[in-house]
Amino acid sequence: MTLAPDPGTGSSLLSALLELASSPWLSRSKLVKHLQVVAVLQFIVSFLTMGFVCTVLMVYLFFTDCWLIPAVYAAWLIFDWNTPKQGGRRSSWVRHWTVWTYFRDYFPIRLIKTHDLLPSRNYVFGYHPHGIFCFGAFCNFSTEATGFSKKFPGIRPSLATLAGNFRLPVLRDYIMFAGICPVNRNSIDYLLARNGTGNAVVIVVGGAAESLDCVPGQNCVTLKNRKGFVKLALQKGADLVPVYSFGENEAYHQVIFEEGSWRRYLQRKLQKLLGFAPCLFHGCGFFSSESWGMVPYCKPINTVVGEPITVPKVEEPTPDIVDMYHDMYIRSLTELFDKYKTRFGLEETESLLIQ
């Protein structure tokens, strides 16, 4: 005896599958949003833990049957030690990874060009503000997600970061592929003096100190006494370019401790000791914007590249010359901020606080 198939079974199964595919938790928009969150978390976790985890893993492997792997890498590390100081190892393939487009679209991040840059010149970009993780700086200058090479043909950007990152296994290679360089004299000298023209070194001028003051709704930059990048530009004859990222400070909420308190004192001490500031901050959770977590808030970041300031080559600039070009830079940055602030959601009365 055979059982006849229920004619409704096939259509019922198909209906169930279609209903499942159209369910809210599997919708294309939510899937894309989750991929964007994963892309951002990949960046955060990589920079916070990759160096430490890979160091521990290499040490562990030395005492196992896989000891040859860390031994070969250690030999390679010794041989390749000076590469970060000599232009690094930029990879166009890594800079064009699809993951960076998801990273870009999460906020989203945009790059705004205001003037042409000549490939026959070298440049020092001053990036402001630091924010917590410099999302705008990384996306615009260490990837091609916002189309830097198309907007500025012939210019090679190199984002400068802590030299200590280049002493950590695997992480050093990863960030070199993105075109990141150490923020030290040897590395920047090489890029601006021995690597031809068309180089743009991107320096986050405020550094770790500035990150301690980044809170939503505040446009404050640490610049008044930061003159080293101006002196460097004069010594190499590299033009200065102010860059401001509207929205960089909106990515996280930070607890700001009062100046003079022991907590603020501890932050300052750890910043000098470690090279980065131990900020107490939070974003939102992975699945909900209502919960707290490491995921930054979805706030647009608009990075505006200003007009270059022509700088002559002065191998031994006097303090007066440095001060003159530093003042010119501050005026140019302030004008850039005032020109674009209303376009990106700020009030006309908002002003840029320089400290």
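The rules behind these values
- Residues numbered from 1 in each chain as written.
- Predicted model: local features only at pLDDT ≥ 70, side-chain atom pairs only at ≥ 80, totals over all residues.
- Heavy atoms only, no water.
- Helix = DSSP H or I, 4+ residues; strand = E, 2+ residues; numbered from the N terminus.
- Buried < 20%, exposed > 50% of the residue type's maximum accessible area, 1.4 Å probe, protein only.
- Areas by Shrake-Rupley, 256 points an atom, 1.4 Å probe, with all protein chains shown as cover.
- Phe/Tyr/Trp six-rings, centres within 6.5 Å; stacked < 30°, edge-to-face > 60°.
- Lys NZ or Arg CZ within 6 Å of the ring centre and 35° of its normal.
- UniProt positions renumbered as here; feature names shortened; annotations may be inferred.
- Core = buried A, V, L, I, M, F, W, Y, C linked by side-chain atoms within 4.5 Å.
- Contact = heavy atoms within 4.5 Å.
- Axes fitted to C-alpha atoms, helices over the stretch in contact; angles between N-to-C directions.
- Parallel < 35°, antiparallel > 145°, perpendicular 65-115°, else oblique.
- Left-handed = near helix turned anticlockwise from the far one by under 90°.
- Nonpolar A, V, L, I, M, F, W, Y, C, P; charged D, E, K, R; others polar.
- Salt bridge = Lys/Arg side-chain N within 4 Å of Asp/Glu carboxyl O.
- Pairing = 2+ DSSP bridges.
- 1 Å grid on protein atoms, 1.4 Å probe; cavity = no way out; pocket = protein on both sides within 12 Å on 5 of 7 lines; lining within 4 Å.
- Points joined across faces, edges and corners; volume = space filled by probe spheres on them.

Here's the deal with the overall build of the protein
Looking only at helices and strands, the protein features 13 helices and 12 strands. Considering only C-alpha atoms, the protein reaches an extent of 105 × 60 × 50 Å along its principal axes. Relative to its 355 residues, the protein shows a buried fraction of 47%. When the accessible surface of the protein is split by element, carbon and sulfur atoms take 62% of a total near 18500 Å².

So, the packing of aromatic side chains
Inspection of every chain in the model, using the stated rule, returns 29 aromatic pairs. Relative to Phe 138, the ring of Phe 47 lies with its centre 5.9 Å away and its plane at 80 degrees, an arrangement referred to as edge-to-face. Highlighted residues: Phe 47 in helix H2 (residues 28–62) and Phe 138 in helix H6 (residues 135–141), separated in sequence by 91 residues. Judged by centre distance (5.4 Å) and plane angle (90 degrees), the ring pair of Trp 93 and Trp 97 falls under edge-to-face. By relative accessible area, which is 63% here, Trp 93 ends up exposed. Taking the relative accessible area as the measure of exposure, Trp 97 reaches 26% and is therefore partly exposed. The residue whose ring lies beneath Lys 113 is Phe 152, and the NZ or CZ to ring-centre distance is 5.4 Å.

Regarding the UniProt feature "transmembrane region" (unreviewed entry) in the protein
When the UniProt feature table is mapped to this numbering, "transmembrane region" (unreviewed entry) covers residues 37–61. Along residues 37–61 one finds 100% helix and 0% strand; the C-alpha atoms at either end are 32 Å apart.

Focus on the nonpolar core
Counting 52 residues, the largest nonpolar core has Phe 103, Phe 107, Phe 125, Phe 135, Phe 141 and Val 305 as its most contacted members. Looking at which element gives the most residues to this core, the answer is H2, with seven residues. Setting aside anything within four residues of it in sequence, one finds Phe 107 in contact with Val 40, Phe 135, Pro 296, Tyr 297, Cys 298, Lys 299, Pro 300 and Ile 301. Of all hydrophobic cores here, the second largest spans 35 residues; its members include Ile 203, Val 221, Tyr 244 and Ile 330.

A word on the packing of helix H9 (residues 185–193) against helix H11 (residues 228–236)
Between H9 and H11, the least distance of the axes is 10 Å, while the angle of their chain directions is 40 degrees. Taken together, the axes of H9 and H11 are oblique relative to one another. Note on packing geometry: the crossing formed by H9 with H11 is right-handed. Seen from H9, the contacting residues are Arg 185, Ile 188, Asp 189, Leu 192 and Ala 193; seen from H11, they are Leu 232, Gln 235 and Lys 236. Residues that form the contact of H9 with H11 fall into these classes: four nonpolar, one polar and three charged.

What to know about the pattern of salt bridges
By the definition in use, this model includes 12 salt bridges. Among the ionic pairs, Arg 95 bridges to Glu 144, the shortest N-O distance being 3.0 Å. Taken together, the positions of Arg 95 in helix H4 (residues 92–95) and Glu 144 in the loop between H6 and helix H7 (148–151) put the pair 49 residues apart, joining distant regions of the chain. Counted as one network, the salt bridges with shared partners bring together Asp 80, Arg 89, Arg 172 and Asp 173.

What about the sheet that holds strand E8 (residues 253–254)?
Sheet strands line up and pair through hydrogen bonds in the backbone, either parallel or antiparallel. Spatially, three strands are ordered E8-E9-E10 in an open sheet, and the strand pairing comes out antiparallel. Among the strands making up the open sheet, the edge pair consists of E8 and strand E10 (292–293). Two strands pair when backbone bridges link them, and E8 and strand E9 (residues 281–284) are joined in this way by two bridges, in the antiparallel orientation. The residue of E9 that forms the bridge with His 253 is His 282.

A look at the sheet that holds strand E1 (residues 109–113)
A sheet is described by the order of its strands in space; here seven strands give the open sequence E1-E11-E7-E2-E5-E3-E4, paired in mixed fashion. Only two strands of the sheet have a single neighbouring strand rather than two, namely E1 and strand E4 (181–182). Relative to strand E11 (residues 301–305), strand E7 (residues 239–246) runs antiparallel, the two being bridged by four bridges. Across the sheet, residue Val 243 finds its bridge partner in E11, namely Val 305. H9 rests against strand E2 (123–128), strand E3 (156–161), E4 and strand E5 (199–204) of the sheet, and its axis sits at about 150 degrees to E5.

Some points on empty space enclosed by the protein
As enumerated under the stated definition, the model contains two cavities of 30 Å³ or more in all. Estimated volume of the largest cavity: approximately 60 Å³. Taken together, Gln 42, Phe 43, Ser 46, Phe 47, Val 94, Trp 100, Phe 138, Tyr 174, Ile 175, Ala 178 and Ile 180 form the lining of the largest cavity. Of all the secondary-structure elements, those providing two or more residues to the lining of the largest cavity are H2 and helix H8 (171–177). For the lining of the largest cavity, the leading source of residues is H2, giving four residues. Around the second largest cavity, the lining residues are Gly 87, Gly 88, Ser 158, Gly 179, Ile 180, Cys 181 and Leu 191. Broken down by class, the residue content of the lining of the second largest cavity amounts to three nonpolar, four polar and no charged.

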